[in-house]
Amino acid sequence: MNYFLSPPDIDVLLSDSQSRKLAEIRVDESGRKEKLPLYYDGETISGKINVTLKSGKKLDHNGIKVEFIGLITFYNDRSNSLEFVSLSKELARPGELLHSHSFPFEFREAEKPYESYCGVNVKLRYFLRVTIAKKSILGTTTKEHDILVHAMSFYPAENQPTLKMDVGIEDALHIEFEYDKQKYHLKDVIVGKIYFLLVRIKIKSMEVQILRKETTNTVGTEAQDCVLKYEIMDGSPARGESIPLRLFLAGYDLQPTMRDIARRFSVRYFLNLVLTDEEERRYFKQQEIILWRRYDKYSRKFQQPPTTIPSALSTPQMSRNRGSQSLSNGKNSISNGDAADTKPEKNRDIIQNEPETAPSEESSPKEDKENSPQDCNIASDEPQSVPQEKLSADECEQIEESEKPPSLS
């Protein structure tokens, strides 16, 4: 009996497929687009592989494995492909599957150094490949599941030099094109201005283009396509006029600048200013710009330094015993032993931050003895607060008699 006439069904389920963001990318040279789960460099890829057998069938295999692969392929020369990332996990050893089974997998902090790209002549992709090696002449059964990778870049937005381009014909045309900077993120706005310094020919129209140039190092080919076209002017301008320009990049299919990726290919972008006169002659000038991808969540995480909150000033606890500082009833009393080493100004600052409590009317004889002026020897020039002492009735009468003016006889 042949058990391999009907191959098993293989499904790849990512662990966070419901919550992970999807992004659109072109998947082949025909221009077809798909939405794929989005990952970043260093993120863990995990999930499970479901192997479903046909009813009443079993599977005799030489092993089941899952691979995470980063691959660069050329449409005109597929033999020159490069696997720059290759990770493998064994899901099952050689044996026999009697029923459908689910195999968990995980590639912890998988490296993804480059961004996914699909151009005119080259394609860079990341995918999971499940392989079931069979013990038969039919060979192996494989299933691939693509993912999308975005690469983050951090370029400073400040202090970028202003770019200027001059387009002209001697003694006939002189136009100056000024840009605000050279590096733009994919959601940025190109701000510029066009100055007509000399116009002696009749201009029919003017437009700005963004050209993408794809260069392959191994095959030695270069492809160019226009990804953005924006008409600035229709008609002939006069000398001394200026036209402002604001070009929003968010609505176009752009990817970051890629330089010498794995020594295989490069992708660069150019601003192209095109003039057309009434005789259908075209004049153009190109200037390279750098596009980069910005992600607010990652930029906040890696660029902003962590903020430290200073610890609150805590009041030291002081005992009421002799030979130490004491805080009683919201006032500062300094004892005999530590009076010389105490800073009254700092103690007053601490006391001002504490809530004042009403003095207790009932106090023990021991506390009255410790708080009496006889036990406090203040060795400071500044006045200190000392608890008041209650006087007896006899002492009050002696004070009143001493304050009476002498009688005149």
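Residues numbered from 1 in each chain as written. Predicted model: local features only at pLDDT ≥ 70, side-chain atom pairs only at ≥ 80, totals over all residues. Heavy atoms only, no water.

### Observations regarding the overall build of the chain
Right, so step 1: The number of helices and strands found in the chain is 4 helices and 23 strands.
Right, so step 2: For the chain, buried positions account for 38% of its 409 residues.
Right, so step 3: Of the contacts made within the chain by residues no fewer than 6 positions apart, 66% connect residues no fewer than 24 positions apart.
Right, so step 4: When the accessible area of the chain is evaluated, it comes to approximately 25600 Å², of which 46% is carbon and sulfur surface. (Helix = DSSP H or I, 4+ residues; strand = E, 2+ residues; numbered from the N terminus. Buried < 20%, exposed > 50% of the residue type's maximum accessible area, 1.4 Å probe, protein only. Contact = heavy atoms within 4.5 Å. Areas by Shrake-Rupley, 256 points an atom, 1.4 Å probe, with all protein chains shown as cover.)

### As for the environment of E214
Right, so step 1: Relative to the assigned elements, E214 resides in strand 16 (residues 203–216).
Right, so step 2: Once the C-alpha coordinates of E214 and S266 are considered, the two residues, 52 residues apart in sequence, prove to be 5.9 Å apart.

### What to know about the pattern of salt bridges
Right, so step 1: All told, the structure shown has 20 salt bridges when counted by the stated rule.
Right, so step 2: The salt bridge involving D16 is made with R20; its shortest N-O contact spans 2.6 Å.
Right, so step 3: Residue classification places R20 among the buried positions, given a relative accessible area of 16%.
Right, so step 4: The partner of E279 in a salt bridge is R281, with the nearest N and O atoms 3.3 Å apart.
Right, so step 5: Using a relative accessible area of 58% as the deciding quantity, one classes E279 as exposed.
Right, so step 6: One salt-bridge network, held together by shared partners, links E67, R125, R129, E144 and D146. (Salt bridge = Lys/Arg side-chain N within 4 Å of Asp/Glu carboxyl O.)

### Section: the side chain of D28
Right, so step 1: Inspection of the secondary structure assignment puts D28 in the loop between strand 2 (22–26) and strand 3 (33–40).
Right, so step 2: The exposure class of D28 is buried, given its relative accessible area of 17%.
Right, so step 3: Looking at D28, its side chain comes within polar contact range of the side chain of S30, at 2.7 Å.
Right, so step 4: Ignoring sequence-local partners within four residues, the contact set of D28 consists of Y75 and C118. (Polar contact = N/O pair within 3.5 Å; in protein donor to acceptor, adjacent residues only side chain to side chain.)

### A look at the packing of aromatic side chains
Right, so step 1: Going through the model one piece at a time under the given rule, you end up with 7 aromatic pairs.
Right, so step 2: Between F84 and Y114, the aromatic rings sit 5.2 Å apart at their centres with planes inclined by 65°, giving edge-to-face as the arrangement. In this pair, F84 is assigned in strand 6 (residues 82–92) and Y114 in the loop between strand 8 (101–107) and strand 9 (117–118), connecting sequence segments 30 residues apart.
Right, so step 3: Relative accessible area serves as the criterion here: at 23%, Y114 is assigned to the partly exposed category. (Phe/Tyr/Trp six-rings, centres within 6.5 Å; stacked < 30°, edge-to-face > 60°.)

### Quick look at the pairing of strand 3
Right, so step 1: As paired strands, strand 2 and strand 3 are joined by 5 bridges and run antiparallel to one another. Across the sheet, E24 pairs through a bridge with K35, a residue of strand 3.
Right, so step 2: Between strand 2 and strand 3, which pair antiparallel one after the other, the connecting turn spans 6 residues, and G31 there sits at a positive phi close to 95°.
Right, so step 3: In terms of strand pairing, strand 3 meets strand 11 (residues 140–150) through 3 bridges, oriented parallel. Looking at the pairing, L38 lines up with L148 of strand 11. (Pairing = 2+ DSSP bridges.)

### With respect to unusual backbone geometry
What is expected of a backbone is that most residues other than glycine have negative phi and most peptide bonds are trans.
Right, so step 1: Even without a glycine there, the phi angle at D260 is positive, about 50°.
Right, so step 2: Residue position: D260 is located in strand 19 (residues 258–261).
Right, so step 3: Here R263, not a glycine, exhibits a phi torsion of approximately 60°, which is positive.

### Here's the deal with the sheet that holds strand 12 (residues 163–169)
Right, so step 1: Across the sheet, which stays open at both edges, the 4 strands sit in the order 12-13-15-18 with antiparallel pairing between neighbours. Across the chains shown, the open sheet's two edge strands, defined by having one partner strand only, are strand 12 and strand 18 (242–248). Across the sheet, the mean angle separating the axes of adjacent strands is 20° when strand polarity is ignored.
Right, so step 2: For strand 12 and strand 13 (residues 173–179), the ladder comprises 7 bridges, and the chain directions are antiparallel. In the strand pairing of strand 13, V167 is matched with I175. (Axes fitted to C-alpha atoms, helices over the stretch in contact; angles between N-to-C directions.)

### Examining the sheet that holds strand 8
Right, so step 1: What the 3 strands build is an open sheet, ordered 1-4-8; its pairing is antiparallel. A strand with exactly one partner marks an edge of an open sheet, and here the two such strands are strand 1 (9–14) and strand 8. Pairs of neighbouring strands in the sheet enclose a mean axial angle of 20°, with direction left out of account.
Right, so step 2: Bridge count for strand 4 (residues 45–52) against strand 8 is 7 bridges, and the pairing is antiparallel. Residue K48 lies in a different strand from strand 8, and its bridge partner there is P104.

### Things to note about the environment of S236
Right, so step 1: Relative to the assigned elements, S236 resides in the loop between strand 17 (222–234) and strand 18.
Right, so step 2: Owing to a relative accessible area of 46%, S236 belongs among the partly exposed residues under this scheme.
Right, so step 3: Remark: the alpha-carbon pair of S236 and K202, spanning 34 residues in sequence, is separated by 5.6 Å.
Right, so step 4: What S236 contacts, discounting residues up to four positions off in sequence, is I201, K202 and I203.

### Describing the confidence of the model for the chain
Right, so step 1: In the predicted model, the chain carries a mean pLDDT of 75, and 69% of its residues have values of at least 70.
Right, so step 2: Of the regions scoring below 50 in pLDDT, residues 298–390 engages in 75 contacts with residues more than four places distant in sequence or in other chains. (pLDDT = per-residue confidence, 0-100.)

### With respect to the environment of D277
Right, so step 1: Along the chain, D277 turns up in strand 20 (residues 265–277).
Right, so step 2: Take D277: its relative accessible area is 3%, and that puts it in the buried class.
Right, so step 3: Distance from D277 to K204, taken between C-alpha atoms, is 4.7 Å for residues 73 residues apart in sequence.
Right, so step 4: Apart from residues lying up to four places away in sequence, D277 is in contact with K202, I203, K204 and Y283.

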